[in-house]
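Structural characterization, general
Given next are the chains, with one letter for each unit.
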Amino acid sequence: MTRRTNIPKEELSRTGGVSPETSRAIAILRFILPFAVIAEHSFILNTFHVKGMVYDFANYPISRGLVYFIQTFVADFAVPCFFFISGYLFFSSGFSRDIYRRKLKSRFWSLLVPYVLWNAIMAGYIALHYTPLFTAFAPSLAGQSLDMTAGEFFYGLTLMPHNGTLWFIRELIMMVVLSPLVFFLVKRFRWTIIGLFWCIWAACLAFTDNDYLVNLMYSVLFFSAGGAFAIMRKDPVAVMSKLRVASYVVFAVLGLSGFTMCFFTGYETALALKAFTVPCALFVSFTLAWLWGKSSARERLLGPHALSDRHPGLPFMIFAAHSLIIFDVQILVFAIVKPVTDTGVAACMVLTYICIALSIVVCHNLLCIVWPAAERLLTGRAGRKQKRGATASGA
């Protein structure tokens, strides 16, 4: 069991600022979390029409329960972990003017270039829906045309990404630029500033419907929290593992409370609990990844090499590409299966999730074979001269 919370300088120099246990947990999470993002976005309560059938999830209690379960117990894992990991790794090797310049250059390739490319791809894919390729299957689009000015296109590169999931990358770019301020605040006020950020974020959840403000504080809080662990030389796995039982209990209790509230008072009322469930989800995900990383079952099933090492660009591809096809795949699955029962609708939702994930995995593998340079560009690895990973052994 990992007992140290402060990482010795000698070990930091050998591991690039990250302990082996935390390094392994991060690799596992980086590979798994994009699949949680797909689940968060594919299990939703949208009413839609397919070949004369109207699927209103208010009429399907089993399907609604499945959606509420995913939104309560799975959706809280991904985004805070991504921000936390990004902040921790950004500051893990120290911080100085030279390091800042070097990391700005590396983030140009790993964040800004993929952000622009995936937004452009999404804009093109939206335009494709108004061509005969799609209007043949969706006649309602035949009499319509794409209405997107140059100003709207560039607006979609800033405040409102064409590819909605890229709001995370947009906020991460902002946090990288503002990292000197984060470093100063954490060094000066230590955990007090993290507590203040949490209070502001919790207030935003409770009192505002402004999604941008909530997402902004999401990024500020968890990027800064990850950075605080690195700046103060605290090992995340060592700290979180000491509280893992408590975090499991609190997360289960709050999760079940939120799940129940979704049915009786609506999903919006359950959002009030997220100020507590999301930090617990961060602890739960890190400690579960740590336990899986050190288990003998992982090596028996996957061998000594990490999946994240075998497919380094796949997680980013899953994260960025799934929003392109998610609704088209959903419509296609429901059009083919034509479910009429509650269990059938729930099964189609699960099948949609599987089809989305498998489609992206297959396309990514094909792109690696046919056009590896494009794959590296789209997954933020084009600027790297050699393979770099956060782990010795991961997922």
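For clarity, every value in this text was computed on a predicted model and none was experimentally measured.

As a further point, take empty space enclosed by the protein. In the structure shown here, the tally under the stated rule is 2 cavities of 30 Å³ or more. Taken as a whole, the largest cavity encloses approximately 80 Å³ of empty space. Of all the secondary-structure elements, those providing two or more residues to the lining of the largest cavity are α3 (61-73), α13 (244-264), α14 (267-270) and α15 (274-293). Among the elements that take part in the lining of the largest cavity, α13 stands out by supplying 4 residues, more than any other. For the lining of the largest cavity, a count of residues per class yields 6 nonpolar, 5 polar and 2 charged.

Each turn of an α-helix holds 3.6 residues, which means side chains three or four residues apart point in the same direction. The first and last C-alpha atoms of helix α11 (residues 211-231) sit 30 Å apart over 21 residues, in line with the 30 Å expected at 1.5 Å per residue. With respect to burial, α11 is a largely interior element, 18 of its 21 residues being buried. Between the side-chain oxygen of the N-cap and the backbone nitrogen of Tyr212 there are 3.0 Å, and the N-cap of α11 in question is Asn210.

As enumerated under the stated definition, the model contains 30 aromatic pairs in all. Ring centres 4.9 Å apart and planes at 65° place the aromatic pair Tyr55 and Phe334 in the edge-to-face group. Of this pair, Tyr55 sits in strand β2 (residues 53-55) while Phe334 sits in helix α18 (residues 314-337), and the two are 279 residues apart along the sequence. Between Phe90 and Phe223 the ring centres are 6.1 Å apart and the planes differ by 55°, which places this aromatic pair in the tilted class. One end of the pair, Phe90, is in helix α4 (residues 75-91); the other, Phe223, is in helix α11, and 133 residues separate them in sequence. In this structure Phe223 comes out as buried when scored by relative accessible area, which is 0%. Seen from the ring of Phe90, Lys103 lies directly overhead, with NZ or CZ sitting 5.0 Å from the centre. Positioned over the ring face of Phe189 is Arg188, at 5.0 Å from the centre of the ring.

Per-residue confidence for the protein gives a mean pLDDT of 85, with 86% of residues at or over 70. Here residues 9-16 scores under 50 on pLDDT; set against residues more than four positions off or in separate chains, the count is 11 contacts. Across residues 387-393, where pLDDT falls below 50, the model places 14 contacts with residues more than four positions away in sequence or in other chains.

Of the voids in this model, the second largest pocket is the one considered here, and its volume is about 1,400 Å³. Around the second largest pocket, the lining is made up of 43 residues, and of these Glu40, His41, Trp167, Asp211 and Asn215 lie nearest the centre.

Put simply, α18 and helix α19 (residues 342-370) touch, their axes get as near as 7 Å, and they point 135° apart. Compared by their axis directions, α18 and α19 come out oblique. For the crossing formed where α18 meets α19, the hand is right-handed. Only Val345, Cys348, Met349, Leu351, Thr352, Cys355, Ile356, Ser359, Ile360, Val361, His364 and Leu367 of α19 make contact with α18, whose side of the interface consists of Leu314, Met317, Ile318, Ala321, His322, Ile325, Ile326, Val329, Gln330, Val333, Phe334 and Val337.

All right, on to unusual backbone geometry then. Backbone geometry places Arg190, a non-glycine residue, at a positive phi of 55°. For Arg190, the position within the fold is in the loop between α9 (179-189) and α10 (191-207). Overall, the relative accessible area of 46% leaves Arg190 in the partly exposed class. Here the phi dihedral of Arg233 falls at roughly 55°; this positive angle occurs in a residue that is not glycine.

About the thresholds
- All chains use their own residue numbering, which begins from 1 and follows the written sequence.
- Reporting in this predicted model follows two pLDDT cut-offs: at least 70 for local features of residues, and 80 or more for side-chain atom pairs to be given and counted; totals over whole chains, interfaces and linings ignore these cut-offs and use all residues.
- Think of the side-chain values as coming from all heavy atoms in the structure, minus any hydrogens and water.
- Put plainly, a pocket is an open set of points on a 1 Å grid over the protein atoms alone with protein on both sides within 12 Å along at least five of seven lines, a cavity is a set where a 1.4 Å probe fits but cannot get out, and a lining residue has an atom within 4 Å of a point.
- Grid points are joined across faces, edges and corners, and a volume is the space filled by probe spheres set on the points.
- For the purposes of this entry, the term helix denotes a DSSP run of H or I that reaches at least four residues, the term strand denotes a run of E that reaches at least two, and both are numbered from the N terminus.
- Amino acids outside the nonpolar list (Ala, Val, Leu, Ile, Met, Phe, Trp, Tyr, Cys, Pro) and the charged list (Asp, Glu, Lys, Arg) are all regarded as polar, and Gly is one of them.
- One less than the residue count of a helix, multiplied by 1.5 Å, gives the span that helix is expected to have.
- A simple rule labels every residue: compare its accessible area, found with a 1.4 Å probe on the protein chains alone, to the largest value its type can have, and call it buried under 20%, exposed over 50%, or partly exposed in between.
- Each polar contact in these results corresponds to two N or O atoms within 3.5 Å; when the atoms are within protein, one needs to be able to donate a hydrogen and the other to accept it, and residues that are neighboring in sequence are counted only if both atoms are side-chain atoms.
- Stacked, tilted and edge-to-face are the three classes assigned to paired rings of Phe, Tyr and Trp, where Trp is represented by its six-membered ring and a pair needs centres within 6.5 Å; plane angles under 30 degrees give stacked, over 60 edge-to-face, the rest tilted.
- Remark: a charge is flagged as sitting over a ring if the NZ atom of Lys or the CZ atom of Arg is within 6 Å of the ring centre and within 35 degrees of the ring normal.
- Values of pLDDT, which run from 0 to 100, indicate the predictor's confidence residue by residue.
- Whether two residues are in contact is decided by their heavy atoms: any pair within 4.5 Å suffices.
- In this analysis, axes come from line fits to C-alpha atoms, helices being fitted only over the stretch in contact, and the angle between any two N-to-C directions falls in the range 0 to 180 degrees.
- Roughly parallel here means an angle under 35 degrees, roughly antiparallel means over 145, roughly perpendicular means 65 to 115, and every remaining angle is called oblique.
- Note: crossing handedness is left-handed where the near helix turns anticlockwise from the far helix by less than a right angle, and right-handed where it turns clockwise.

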